[in-house]
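Listed below, chain by chain, are the residues.
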Amino acid sequence: MLERAETSGEGDVDMRILIAAVGRARSGGAHDLYETYTGGLPWPTTLREIAAAKARSAKERIRREGEALVKTIPSGSVRVALDESGQNLSSNAFAKRIASWRDSGRPDLAFVLGGADGLAEEIIRSADLVLALGTMTWPHLLARAMVMEQLYRASAILSGHPYHRE
């Protein structure tokens, strides 16, 4: 497992973000977008990557990756599972949900992204929110960047910054 703490932008540290993901980031456009939005967040962000499981069946890969992902998530964290079966939220609704968790004393948010075969059912069932990034299929590295952009947008919405309206 690779863990990389990333520095965030200035601001209050009332929340901490964890991205738990299957697969390794590679250099390129999607990774650059991820880094751009991470650098602009007012919240400390950590990326924990686990290797894709090498198993013969998709079911076994999902199980092994799920076990590894669960181990990366701190106890008490809000779990947001990224899955095509999840809710499609507007950016404003997403920001309100984040504010609600923060204001209720749950400042650790863990965003969980599975491998090519998806997420273990256990992770989806135990999630505080199952979130979809639309109905299309996205490359995993681009999905990471999209999550980071929405977190950046949520921080702008919550702080009244005009980025959301640009």
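Computed from a predicted model, the values in this text were never measured in an experiment.

Engineer: Help me understand the overall build of the protein, please; the structure alone is not making it clear to me.
Structural biologist: For the protein, the helix and strand inventory stands at 5 helices and 6 strands. Counting only residues that meet the buried cut, the protein has 43% of its 166 residues in that class. Here the analysis covers contacts within the protein between residues at least 6 apart in sequence; of these, 85% occur between residues at least 24 apart. For the protein, the accessible surface area stands at approximately 8600 Å², while carbon and sulfur atoms represent 51% of it.

Engineer: Would you take a moment to explain helix α2 (residues 58–72) for this structure?
Structural biologist: For the α-helix, the turn length of 3.6 residues means that residues three or four positions removed from each other point alike. With 15 residues, α2 extends 21 Å between its outermost C-alpha atoms, agreeing within 8% with the 21 Å of an ideal straight helix rising 1.5 Å per residue. Of the positions making up α2, those classed as buried are I62, E65, G66, L69 and T72. The buried residues of α2 occupy one face: seen down the axis, they fall within an arc of 115 degrees. Every exposed residue of α2 that faces more than 90 degrees away from the buried side is listed here: K59 and K71. Buried-residue contacts for α2 involve β2 (16–22), β3 (45–50), β5 (108–113) and α4 (121–126).

Engineer: What's the story with the packing of aromatic side chains in this structure? I'm lost.
Structural biologist: Any two aromatic rings considered together are summarised by their centre-to-centre distance and by the angle between their planes. Using the criterion set out here, one finds 2 aromatic pairs in the structure. Aromatic pair Y37 and Y152: ring centres 5.7 Å apart, planes at 50 degrees, arrangement tilted. Placement of the pair is Y37 in helix α1 (residues 29–39) and Y152 in helix α5 (residues 140–159), with a sequence separation of 115 residues.

Engineer: Could you clarify how one ought to interpret empty space enclosed by the protein in this entry?
Structural biologist: Gaps left between atoms show up when a probe the size of a water molecule is rolled over them. Tallying each qualifying case throughout the model produces 1 cavity of 30 Å³ or more. One number sums up the size of the largest cavity: a volume of about 40 Å³. What lines the largest cavity is A25, A30, H31, Y34, L141, R144 and A145. For the lining of the largest cavity, the secondary structure elements donating two or more residues are α1 and α5. The class makeup of the residues in the lining of the largest cavity is 5 nonpolar, 1 polar and 1 charged.

Engineer: Explanation requested: the environment of D108 in the structure shown.
Structural biologist: Mapped onto the elements of the fold, D108 is located in strand β5. Note: C-alpha distance between D108 and R16 (92 residues apart in sequence) is 4.9 Å. For D108, the residues in contact, after removing those within four places along its chain, are R16, S77 and V78. Of note is the side chain of D108, whose polar atom sits 2.6 Å from the side chain of R16.

What counts and what doesn't
- Residues numbered from 1 in each chain as written.
- Predicted model: local features only at pLDDT ≥ 70, side-chain atom pairs only at ≥ 80, totals over all residues.
- Heavy atoms only, no water.
- Helix = DSSP H or I, 4+ residues; strand = E, 2+ residues; numbered from the N terminus.
- Buried < 20%, exposed > 50% of the residue type's maximum accessible area, 1.4 Å probe, protein only.
- Contact = heavy atoms within 4.5 Å.
- Areas by Shrake-Rupley, 256 points an atom, 1.4 Å probe, with all protein chains shown as cover.
- Expected span 1.5 Å × (residues − 1).
- Arc of directions from axis to C-beta.
- Phe/Tyr/Trp six-rings, centres within 6.5 Å; stacked < 30°, edge-to-face > 60°.
- 1 Å grid on protein atoms, 1.4 Å probe; cavity = no way out; pocket = protein on both sides within 12 Å on 5 of 7 lines; lining within 4 Å.
- Points joined across faces, edges and corners; volume = space filled by probe spheres on them.
- Nonpolar A, V, L, I, M, F, W, Y, C, P; charged D, E, K, R; others polar.
- Polar contact = N/O pair within 3.5 Å; in protein donor to acceptor, adjacent residues only side chain to side chain.

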